Amino acid sequence: MKAYKPKNRLTTQAYIDGVLNGDRVILSRAITIIESNLESDKLLAKDIIQAILPASGNSIRIGITGVPGVGKSTFIEAFGKHLINQGHKVAILSIDPSSQRSKGSILGDKTRMEELSNLENAYIRPSASGETLGGVANKTAESMLLCEAAGYDVILIETVGVGQSETAVHGMTDFFLLLMLAGAGDELQGIKKGIMEMADMVVINKADGDNIRMSEMARLQYQNALHIFPQSESGWSPVVTKASSTKNTGIDAVWDEVLKYKELVTKNGYFTKNRNHQKIRWMYDNINEELKHMFYGSKDISDELSILKKDIISSKISPVKAAQKIIEQFKASFQ
């Protein structure tokens, strides 16, 4: 029986040529292939990624996260417009939270970044986070490679926000930017230590009007707090600045710090070392996904899980013993 293949799919070469020529429509369609769970699309996606790989990697990848209400989308729009005015092509991979009940997602960033989305050198791709750790869509890394191959030299990845582990986005970017607010309570208690340790830069957003004085106090607090963390492997000392996305102040200073960071890590070799580490990590991520797909895609495993779930509920077997039993069955299928 032949695998189902959608009729509107282009040839592999058409996707490759479209991406390499910077065609935004083809780029979007190629990312849709990357995100698809259809077996035929998975094979197509692998061929596309392999073909465009030599044209990828020529960008600075920036992860952006922050507490809810910090104004991530407004900041990214102001930041993106600044970058485009500097002559850059900017791709924004914006990860929206998915409902754990319906698996649905609002995907509203194109609406929130209306001005930026209308610029020729900007590309905005909202994706649902699904069940992926840290709010990063499962295929964000591959989508990033496609955007680079299409000529985008600055990639911004907007995460769902603080509350889940952000190690996933930190592990696929060059620079990690944390947005915070002033005057929202005890600032230093409002963010997990682990997120602070990953940050290459903290930006106190909405530093305007009556909030200017509190923003400066928050900046000093964060700068002092960052000093207690050990020196990062990159050799970079995290900085704290203030910005107002609505007043468009402090945005240029953010980019200046990114450039300083890029110069430092390029000279000391950390940039290349980190990129190589990311490639290996992506391989393991894909291995884990394939193994999970093989496991849950097995009819025998599915049937046994149905029995075990009933036995767990009736207390005939413990969850730990049930897990061991199903794993042993899976291992035996390869012997």
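See above for the structure.
Residues numbered from 1 in each chain as written. Predicted model: local features only at pLDDT ≥ 70, side-chain atom pairs only at ≥ 80, totals over all residues. Heavy atoms only, no water.

**Q** Any details on the packing of aromatic side chains? Residues and values, ideally.
**A** Under the definition given, this model contains eight aromatic pairs. A ring pair is formed by Phe-295 and Tyr-296, whose centres lie 4.9 Å apart and whose planes are at 85 degrees; its orientation type is edge-to-face. An angle of 85 degrees between the planes, with centres 5.1 Å apart, marks the rings of Phe-330 and Phe-334 as edge-to-face. Overall, Phe-330 belongs to the buried group, its relative accessible area being 15%. Three or more aromatic residues joined by ring pairs make a cluster, and in this case those are Phe-295, Tyr-296, Phe-330 and Phe-334. (Phe/Tyr/Trp six-rings, centres within 6.5 Å; stacked < 30°, edge-to-face > 60°. Buried < 20%, exposed > 50% of the residue type's maximum accessible area, 1.4 Å probe, protein only.)

**Q** Lay out the pattern of salt bridges in plain terms, naming residues and giving numbers.
**A** In the structure shown here, the tally under the stated rule is 16 salt bridges. When the shortest N-O distance is used, the salt bridge between Arg-219 and Glu-216 registers 2.9 Å. Of this pair, Arg-219 and Glu-216 both sit in helix α10 (residues 212-226), three residues apart, which is roughly one turn of the helix. Linking Lys-273 and Glu-233 is a salt bridge whose minimum nitrogen-to-oxygen distance equals 2.5 Å. Of the two residues, Lys-273 sits in helix α12 (residues 270-296) while Glu-233 sits in the loop between α10 and β7 (239-242), which places them 40 residues apart along the sequence. Under the relative-accessibility criterion, Glu-233 is labelled exposed at 55%. (Salt bridge = Lys/Arg side-chain N within 4 Å of Asp/Glu carboxyl O. Helix = DSSP H or I, 4+ residues; strand = E, 2+ residues; numbered from the N terminus.)

**Q** Explain the pairing of strand β5 (residues 175-180) to me, using residue names and the numbers behind them.
**A** In terms of burial, β5 is a largely internal element, six of the six residues being buried. Going residue by residue along β5, you find Phe-175, Leu-177 and Leu-179 tucked away on one face and Phe-176, Leu-178 and Met-180 tucked away on the opposite face as well.

**Q** Could you give an account of the side chain of Thr-173, with specific residues and numbers?
**A** Mapped onto the fold, Thr-173 is located in the loop between α8 (167-170) and β5. For Thr-173, a relative accessible area of 3% gives the class buried. Separated by 2.9 Å, the side chain of Thr-173 and the backbone oxygen of Val-169 make a polar contact. Beyond its immediate sequence surroundings of up to four residues, Thr-173 is in contact with Arg-61, Ile-62, Gly-63, Ile-157, Asn-274 and Gln-278. (Polar contact = N/O pair within 3.5 Å; in protein donor to acceptor, adjacent residues only side chain to side chain. Contact = heavy atoms within 4.5 Å.)

**Q** Tell me what's going on with helix α4 (residues 72-85), and back it up with residues and numbers.
**A** In this model α4 runs 20 Å from its N-terminal to its C-terminal C-alpha over 14 residues, within 8% of the 20 Å that 1.5 Å per residue would give. By the criterion of burial, α4 is predominantly enclosed, with 11 of the 14 residues buried. Within α4, burial applies to Lys-72, Ser-73, Phe-75, Ile-76, Glu-77, Ala-78, Phe-79, Gly-80, His-82, Leu-83 and Ile-84. Taken from the residues just after α4, Gly-87 is the one with a positive phi, measuring 95 degrees. (Expected span 1.5 Å × (residues − 1).)

**Q** Break down the packing of helix α13 (residues 299-313) against helix α14 (residues 319-332) for me, citing the residues and quoting the values.
**A** Between α13 and α14, the least distance of the axes is 10 Å, while the angle of their chain directions is 165 degrees. Classified by the interaxial angle, the pair formed by α13 and α14 is roughly antiparallel. Crossing handedness for the pair α13 and α14: right-handed. Together, Asp-300, Ile-301, Glu-304, Leu-305, Leu-308 and Ile-312 of α13 and Pro-319, Ala-322, Lys-325, Ile-326, Gln-329 and Phe-330 of α14 make up the contact between the two elements. (Axes fitted to C-alpha atoms, helices over the stretch in contact; angles between N-to-C directions. Parallel < 35°, antiparallel > 145°, perpendicular 65-115°, else oblique. Left-handed = near helix turned anticlockwise from the far one by under 90°.)

**Q** Tell me what's going on with the nonpolar core, and back it up with residues and numbers.
**A** One finds Ile-62, Phe-75 and Leu-146 to be the most contacted residues of the largest nonpolar core, which totals 82 residues. Filtering out sequence-adjacent residues up to four positions away, Leu-146 remains in contact with Val-19, Leu-27, Ala-30, Ile-31, Ile-34, Ile-48, Ile-49 and Ile-52. Counting seven residues, the second-largest nonpolar core is a separate cluster that includes Phe-295, Ile-301, Leu-308 and Ile-317. (Core = buried A, V, L, I, M, F, W, Y, C linked by side-chain atoms within 4.5 Å.)

**Q** Would you mind going over α10 in detail, with residue names and values included?
**A** With 15 residues, α10 should reach 21 Å at 1.5 Å per residue; the first-to-last C-alpha distance of 21 Å fits that figure. Along α10, the residues that are buried comprise Ser-215, Ala-218, Tyr-222, Gln-223, Ala-225 and Leu-226. One side of α10 holds all its buried residues, which, seen down the axis, span an arc of 160 degrees. Seen from the open side of α10, the exposed residues pointing more than 90 degrees away from its buried face are Arg-213 and Asn-224. (Arc of directions from axis to C-beta.)

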